[in-house]
Amino acid sequence: MGAKGTYSLMSIPDIINSLGDWGLTVEEDRLLRPTSEFVEFVFCACLAQVTGINREDLLQPAQDALSISSLEDKDNIYLSALTHNLLCYHLTRFANAARVDDFSSYDISKPTKERTLLLLSAFINFVKFTEQLCNPFVNELVNRSNALLVDRDQVSSKLAQTQKQIQELKAKRDKDEPICQELRAKNKELGDLVLQTKAAQQPIVQEAALLKEEKTRLMERKEHIQRELEAISDANKRIRGRIVQSPERVKRSISTMSVSRTEHKKMVAINETKARDLQAKINALVIIEQDLRTCIDQLQVVEKEIKSLQDMQKDLAELKDQLHDKKIERNELQLKQERVVKQLENAHAKLTLTQQRAADKKAANARILERLQGEYNDMAEQRQENDLQLAEIRKEAAEVEEKISEHLKVSEEELHGLLKEYWSLKCATNVYMETLATKLNMKIS
């Protein structure tokens, strides 16, 4: 029986040196006259170099398989046989990978020199091949898998933060919308009031200008009259000093001057009355000027509020653009999440189907054990295949459960982080509302 493969046949010293590199001390005599225990030991060492599986690792799966079987007598003979079958199964897979298609349990139970050397040559060459070429590829796959897991966690966290920011922006927009409407209405009212004030200001300003001009004319006339009175009084004094008149004439002059003085007093009283009226109008104009200054101040405040409103509208537009971008990003993340969920569902479906198949195969194996106790070799092969599949399924189930537990742990951490961010954002929102209320002179209950 010859082994088929693409490897080269190694000499005994090369085989001893290669096994020595792995920490195995092998004598040449044992290679020339191999025994089943020696062959099994060396083959297990080669298998462990690639897969990390040895005979001790197979004892627990074999015990688990026997514990769930329907056999009443679970002696050590079944455990040893099942462990041997599992080991043969893994060695067969290892031999197939090493391009040895005709490997069987006969190579372990009844070893020969030529066959053992051929198999060791194939196994050692395959191990060296994996060490040189496969390990970098496997490490790269592991690193890529870890990077993908990290990216998935980051994407999930970013998705949660984005959804939270979107909700906060929506809530802030809905909360600020009544204030914006109120400011728009107030802005419109102030604008109408400004136009009305400007319209009412024009006739008052014109009237004030006329009154000022009239006051100026009256003051000039008053000064002119006073100068004339002073000139007349001086001339009268000079004339009195030069001329001596008769008493009758003096009396007539006095009466005439008394009448003139009375008329002059009336004219002065009239002018004083007009001056008081002008002063009252000037005071009214001063009050109107103060009102106009107040209106101008209010207009400046309104302009500031309008500018602030425009800035808020600009910020709102930017927030809308950011919200649109976040929606697009959220849709992409939802698609990725849906693909991951679909893959998880497929894995669960495969796990359920595999478990059902394993249960069916286990029942079939029990029936075969009861019916074919005399045909131990054939029964051992079938039971080996079925129990190995069951062990792989359990291993896959354990990996899935471990991934589920890790995912739950990550979800809980994300939930705690989200709650912490929620309370901090709530405090920031309260501070923002108080600041906004203070600027708008509003009271918040």
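Residues numbered from 1 in each chain as written. Predicted model: local features only at pLDDT ≥ 70, side-chain atom pairs only at ≥ 80, totals over all residues. Heavy atoms only, no water.

Enquirer: Hey, could you go over the overall build of the protein for me, with residue numbers and the actual values?
Expert: Helix and strand counts for the protein stand at nine helices and zero strands. Going from N to C terminus, the protein has its helices and strands arranged as α-α-α-α-α-α-α-α-α. Once local pairs closer than 6 in sequence are excluded, the contacts in the protein between residues at least 24 apart make up 76%. Looking at the protein as shown, the accessible area adds up to about 31500 Å², and 54% of this sits on carbon and sulfur atoms. (Helix = DSSP H or I, 4+ residues; strand = E, 2+ residues; numbered from the N terminus. Contact = heavy atoms within 4.5 Å. Areas by Shrake-Rupley, 256 points an atom, 1.4 Å probe, with all protein chains shown as cover.)

Enquirer: I'd love a proper account of the UniProt feature "coiled-coil region" (unreviewed entry) in the protein, names of residues and values included.
Expert: UniProt feature "coiled-coil region" (unreviewed entry): in the numbering of this structure it lies at residues 208–235 and 292–410. Helix makes up 100% of residues 208–235 and strand makes up 0%, while its end C-alpha atoms are separated by 40 Å. (UniProt positions renumbered as here; feature names shortened; annotations may be inferred.)

Enquirer: Go over the confidence of the model for the protein, please, and point to the residues and values.
Expert: Across the protein, the average pLDDT comes to 78, with 89% of residues at or above 70. Confidence over residues 1–5 falls short of pLDDT 50; this stretch has 13 contacts with residues more than four positions distant or in other chains. (pLDDT = per-residue confidence, 0-100.)

Enquirer: Which residues make up unusual backbone geometry, and what values do they have?
Expert: Unlike most non-glycine residues, Arg 99 shows phi in positive territory, near 70 degrees. Its place among the elements puts Arg 99 in the loop between helix H5 (76–97) and helix H6 (106–109). We classify Arg 99 as partly exposed; its relative accessible area is 49%. (Buried < 20%, exposed > 50% of the residue type's maximum accessible area, 1.4 Å probe, protein only.)

Enquirer: Summarise helix H3 (residues 36–51); cite the residues concerned and give the values.
Expert: For H3, which comprises 16 residues, the first-to-last C-alpha distance of 22 Å matches the rise-based estimate of 22 Å (1.5 Å per residue) to within 8%. Restricting attention to buried positions, one finds in H3 the residues Phe 38, Val 39, Glu 40, Val 42, Phe 43, Cys 44, Ala 45, Cys 46 and Leu 47. Residue Gly 52 follows H3 closely and has a positive phi angle near 80 degrees. (Expected span 1.5 Å × (residues − 1).)

Enquirer: Which residues make up the pattern of salt bridges, and what values go with them?
Expert: Under the defined criterion, the tally for this structure stands at seven salt bridges. Among the ionic pairs, Glu 392 bridges to Arg 93, the shortest N-O distance being 3.1 Å. One end of the pair, Glu 392, is in helix H9 (residues 376–439); the other, Arg 93, is in helix H5, and 299 residues separate them in sequence. Across the salt bridge formed by Glu 177 and Arg 184, the nearest N and O atoms sit 3.9 Å from each other. Where salt bridges share partners, they join Asp 102, Asp 107 and Arg 115 into one cluster. (Salt bridge = Lys/Arg side-chain N within 4 Å of Asp/Glu carboxyl O.)

Enquirer: Please set out the nonpolar core residue by residue, giving values where relevant.
Expert: With 42 residues, the main nonpolar core has Ile 15, Leu 19, Phe 43, Phe 103 and Phe 123 as its most contacted residues. Contributing elements (two or more residues each) for this core: helix H1 (12–21), H3, helix H4 (55–67), H5 and helix H7 (113–242). The leading source of residues in this core is H5, at nine residues. With sequence-adjacent residues up to four places away left out, Leu 19 is seen in contact with Leu 24, Val 26, Val 42 and Ile 124. (Core = buried A, V, L, I, M, F, W, Y, C linked by side-chain atoms within 4.5 Å.)

Enquirer: Explain the packing of aromatic side chains residue by residue, including any values.
Expert: Summed over the entire model, instances satisfying the criterion amount to five aromatic pairs. Ring plane angle 70 degrees and centroid distance 5.6 Å describe the contact between Phe 94 and Phe 126, whose orientation is recorded as edge-to-face. Here Phe 126 lies in helix H7 and Phe 94 lies in helix H5, a separation of 32 residues in the sequence. Judged on exposure class, the residue Phe 94 and its partner Phe 126 are both buried. Through a chain of ring-to-ring contacts, the aromatic side chains of Phe 43, Phe 94, Phe 103, Phe 123 and Phe 126 assemble into a single cluster. (Phe/Tyr/Trp six-rings, centres within 6.5 Å; stacked < 30°, edge-to-face > 60°.)

Enquirer: Summarise a nonpolar patch on the surface; cite the residues concerned and give the values.
Expert: Judged by side-chain polarity, Leu 415, Leu 419, Tyr 422 and Trp 423 come together as a nonpolar surface patch covering roughly 430 Å² of accessible area. With respect to the helices and strands, the residue Trp 423 is situated in helix H9. (Patch = residues over 30% accessible without salt bridge, like charges linked within 9 Å, V, L, I, M, F, W, Y side chains within 5 Å.)

Enquirer: So what's going on with H4? Residues and values would help.
Expert: One turn of the α-helix equals 3.6 residues, which is why residues spaced by three or four share an orientation. Taking 1.5 Å as the rise per residue, H4 with 13 residues should run 18 Å; its terminal C-alpha atoms sit 19 Å apart, in good agreement. Here H4 has its buried residues at Leu 58, Ala 62, Ala 65 and Leu 66. All buried residues of H4 lie within an arc of 90 degrees about the axis, which places them on one face of the element. (Arc of directions from axis to C-beta.)

Enquirer: A description of the environment of Cys 295 should follow, citing residues and the corresponding values.
Expert: Counting through the fold element by element, Cys 295 comes out in helix H8 (residues 247–371). For Cys 295, a relative accessible area of 24% corresponds to the partly exposed category. Sequence separation between Cys 295 and Leu 190 is 105 residues; the distance between their C-alpha atoms is 9.9 Å.

Enquirer: Got a sec to walk through the state of the cysteines? Specific residues and values, please.
Expert: Counted by the stated rule, this structure contains zero disulfides. The thiol of Cys 44 is not disulfide-bonded; the next cysteine sulfur, from Cys 88, is found 9.1 Å away. On the basis of relative accessible area, Cys 44 is assigned to the buried category, the value being 9%. (Disulfide = S-S within 2.5 Å.)

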